Amino acid sequence: MSRYIAAIDQGTTSTRCIVFDQHGRIVGLGQREHEQIFPRPGWVEHDAQEIWRNTLTVIEEALATTGLGRSDIDAVGVTNQRETTVVWDRHTGEPVCNAIVWQDTRTDAICDELAGDAGPGRYQERTGLPLSTYFAGPKLRWILDNVENARARAESGDLCFGTIDSWLVWKLTGGKTHVTDVTNAARTMLMDLRTLQWDSQICADFGVPESMLPAIHSSSQIYAEVAEGALAGVPIGGILGDQQAATFGQACLSPGEAKNTYGTGNFMLLNTGTEPVKSSHGLLTTVCYRIGDEPAVYALEGSIAVTGSLVQWLRDNLEIISSASEIEPLAASVPDTGGAYIVPAFSGLFAPRWRPDARGIICGLTRFVTKAHLARAALESTAFQTREVSDAMRADSGVELTTLKVDGGMVVNELLMQFQSDILGVPVVRPKIAETTALGAAYAAGIAVDRWTQDDIREIWAEDKTWQPNMADTERERRYAEWNAAVERTY
Ligand code: ADP
């Protein structure tokens, strides 16, 4: 009898539920977008209740498309947009405010204050992260400081904090289970990377009562059974931050293996094995995954805030395309960008520069430049930012990139994939199953209930298409130098 594993993939733009068979093939899918709320410049919010309602709906849709019932599903894994911060009332389940999304920069002043004389590297040794608006800890501090009564309620034990994984597991279990996994906890700035426990000193510095924090577990174990919705009774067996899930789903299970995900932002992760590697080139040190009681596996990560969301911006704010897929034919209608560069520093710059004060620019404009050139420049900015991160990764790890495994919503864009290969000078490989994030969470859940092993993951991975570099070295370096000059103008 065939058995199945489900994954809930709660992303920045949408929530999906995907049902996989034993060969890692997709047999059912439900998907819903949620509202992006921009109350002020630099602020980005989501409604956590909307995300929860969408989660229930997509689970039902995914099951309906398969004709399967909950008894056919052996386990469910949860993967999520990371860092996005929810605080809710432990008794009523009501969030105290909208979720503050990872791209939100309102905590700039809090980060400066926490950095003090020690600078943004104050907690890097213990957390692997520079102080940045990106991480959950400063967002949680903002809520405690700014939402009426939040601090008093938190101190009397009435509030729970969680990243989206914790929020969803809490809701799925009917408010019974308040947990997170090591990969999500690693993005709060409140966890010690080596002990994998909350760091009491950092929590005290941030003014965060530890009673509101979830229990930290591995990424693959049975945490609880689902109590609410169409998967009631199914064990939750995996929790992984979306980028770590994609790394797992891409079978980057050995030190030196890397993947790059092209979604709202871009995230390159390099598996560095069971020891955290400190970055001196602007990368993050993070937990890659932890399977049950096995030692944690770590990663170096290059996070880029804005890639696919620049395409959304061209669609929604400039209205030069009406859907994301239109960008490719428009960009392909011209041979180059006509000298234009777009640096989309909408949330400041993340890796490798970490400049919260940077703001986006379009430069190199002449009367010659059309919307087609801008479309092309938008796609190229994704590839150039990736080149910066890949250079930093080589400098930190000493590992030479030989091929790049890619996934995410933008990798359907062939023009981008070819340009990426050109600007890196290495082949770019897309796997057959592009839904690597959901697949990684399904693998974690499947391992917890003994349906899969890590060897199965390696076996299931299969190539779909490879792009070979096709640009002269001099041209590549000239373009990259022009890009770098443009970036220098954003701060
Ligand atoms: P996330 O998981 O961050 O929500 P996805 O992996 O679903 O994101 O990717 C969605 C992103 O991909 C969107 O930002 C969208 O603009 C972009 N995108 C979708 N289709 C294309 C395309 N054909 N070309 C370029 N970008 C695209």
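Refer to the preceding data block for the structure.
Residues numbered from 1 in each chain as written. Predicted model: local features only at pLDDT ≥ 70, side-chain atom pairs only at ≥ 80, totals over all residues. Heavy atoms only, no water.

(A) How the structure looks around the overall build of the protein chain. Along the protein chain, the regular secondary structure elements total 16 helices and 21 strands. Taken over the C-alpha trace, the protein chain has a radius of gyration of 21 Å; the compact-globule value for 491 residues is 23 Å, and the two agree within 12%. Counting only C-alpha atoms, the protein chain reaches 60 × 60 × 45 Å along its principal axes. A total of 491 residues make up the protein chain; the buried ones form 62% of that total. Within the protein chain, contacts between residues at least 6 apart in sequence are counted, and of these 72% link residues at least 24 apart. (Helix = DSSP H or I, 4+ residues; strand = E, 2+ residues; numbered from the N terminus. Rg over C-alpha atoms; globule rule 2.2 N^0.38 Å. Buried < 20%, exposed > 50% of the residue type's maximum accessible area, 1.4 Å probe, protein only. Contact = heavy atoms within 4.5 Å.)

(B) Summary view of the sheet that holds strand β19 (residues 404-407). One open sheet holds the seven strands; their spatial order is β15-β16-β14-β13-β19-β20-β21, and the pairing between them is mixed. In the strand order of this sheet, the two ends are held by β15 (284-289) and β21 (463-467), each with one partner. On average, each strand axis in the sheet is tilted by 30 degrees relative to the strand beside it, whichever way the strands run. The pairing of strand β20 (residues 428-431) with β21 spans four bridges and is antiparallel. Bridge pairing in β21 links Arg-430 to Lys-465. Strands β13 (258-262), β19, β20 and β21 of the sheet are contacted by helix α13 (residues 414-424), whose axis makes an angle of about 55 degrees with β21. (Pairing = 2+ DSSP bridges. Axes fitted to C-alpha atoms, helices over the stretch in contact; angles between N-to-C directions.)

(C) Quick look at the packing of aromatic side chains. Applying the stated criterion to the full structure yields 17 aromatic pairs. Between Trp-102 and Phe-267, the ring centres sit 5.7 Å apart and the planes meet at 70 degrees, which makes this aromatic pair edge-to-face. With Trp-102 in the loop between β7 (99-100) and α2 (108-115) and Phe-267 in strand β14 (residues 266-273), the pair connects residues that are 165 residues apart, well separated along the chain. Judged by relative accessible area, Phe-267 falls into the buried class, the value being 5%. Measuring from ring centre to ring centre gives 4.8 Å for Phe-248 and Tyr-289, while their planes differ by 55 degrees; the resulting arrangement is tilted. (Phe/Tyr/Trp six-rings, centres within 6.5 Å; stacked < 30°, edge-to-face > 60°.)

(D) Focus on the site of the ligand. What surrounds the ligand is a group of 17 residues, the closest being Thr-13, Thr-264, Gly-308, Gly-409 and Asn-413. Gly-308 has a polar backbone atom sitting 2.9 Å from an oxygen atom of the ligand. In the environment of the ligand, an oxygen atom lies 2.9 Å from a nitrogen or oxygen atom belonging to the backbone of Gly-409. Burial of the ligand by the protein amounts to 85% of the accessible area it has alone, namely 580 Å². (Near = heavy atom within 4 Å. Polar contact = N/O pair within 3.5 Å; in protein donor to acceptor, adjacent residues only side chain to side chain. Areas by Shrake-Rupley, 256 points an atom, 1.4 Å probe, with all protein chains shown as cover.)

(E) Structural detail: the nonpolar core. Ranked by internal contacts, the top residues of the largest apolar core, which has 133 residues, are Leu-140, Leu-190, Phe-206, Met-212, Leu-213, Phe-248 and Val-287. Broken down by element, this core gets its largest block of residues, eleven residues, from helix α12 (residues 371-397). With near-sequence residues (within four places) excluded, Val-287 lies in contact with Val-182, Thr-183, Ala-186, Met-191, Leu-193, Leu-196, Gln-244, Ala-296, Val-297 and Tyr-298. Counting 34 residues, the second largest nonpolar core, distinct from the first, contains Ala-6, Ile-51, Ile-59 and Leu-231. (Core = buried A, V, L, I, M, F, W, Y, C linked by side-chain atoms within 4.5 Å.)

(F) View of helix α6 (residues 164-172). In terms of burial, α6 is largely enclosed, as nine of its nine residues are buried. The set of residues buried in α6 consists of Ile-164, Asp-165, Ser-166, Trp-167, Leu-168, Val-169, Trp-170, Lys-171 and Leu-172. Once α6 ends, the next one or two residues include Gly-174, with phi positive near 65 degrees.

(G) Representation of the sheet that holds strand β5 (residues 73-80). One open sheet holds the six strands; their spatial order is β3-β2-β1-β5-β12-β11, and the pairing between them is mixed. Each having just a single partner strand, β3 (26-33) and β11 (220-225) make up the two edges of the open sheet. Strand-to-strand twist of the sheet, defined as the mean angle between neighbouring strand axes without regard to direction, takes the value 25 degrees. Examined bridge by bridge, strand β1 (residues 4-10) and strand β2 (residues 14-20) share six bridges and lie antiparallel to one another. Note on β2: the bridge partner recorded for Ile-8 is Cys-17. Across the sheet, α6 lies against β1, β5 and β12 (235-241), angled at about 145 degrees from β5, the strand it touches most. The strands touched by helix α14 (residues 436-448) within the sheet are β1, β2, β5, β11 and β12, with β1 carrying the most contacts at an inclination of about 135 degrees.

(H) Structural detail: unusual backbone geometry. Of note, the amide linkage connecting Ala-351 to Pro-352 takes the cis form, showing an omega dihedral of -5 degrees. Secondary-structure assignment places Pro-352 in the loop between β17 (341-343) and β18 (361-363). Positive phi outside glycine occurs at Glu-319, with the angle close to 55 degrees. Glu-319 sits in the exposed class, given a relative accessible area of 61%. The backbone of Trp-354 sits at a positive phi, close to 50 degrees, despite the residue not being glycine.

(I) View of the pattern of salt bridges. Evaluation of the coordinates by the stated rule reveals 35 salt bridges. Among the salt bridges present, the one from Asp-242 reaches Arg-82, with a minimum N-O distance of 3.5 Å. Of this pair, Asp-242 sits in helix α9 (residues 242-249) while Arg-82 sits in the loop between β5 and β6 (85-89); the two residues are 160 residues apart in sequence, bridging distant segments of the chain. A salt bridge links Arg-387 to Glu-477, with the nearest nitrogen and oxygen atoms 3.1 Å apart. Highlighted residues: Arg-387 in helix α12 and Glu-477 in helix α16 (residues 473-488), separated in sequence by 90 residues. Members of the salt-bridge network, linked through shared partners, are Arg-82, Glu-83, Arg-187, Asp-242 and Glu-301. (Salt bridge = Lys/Arg side-chain N within 4 Å of Asp/Glu carboxyl O.)

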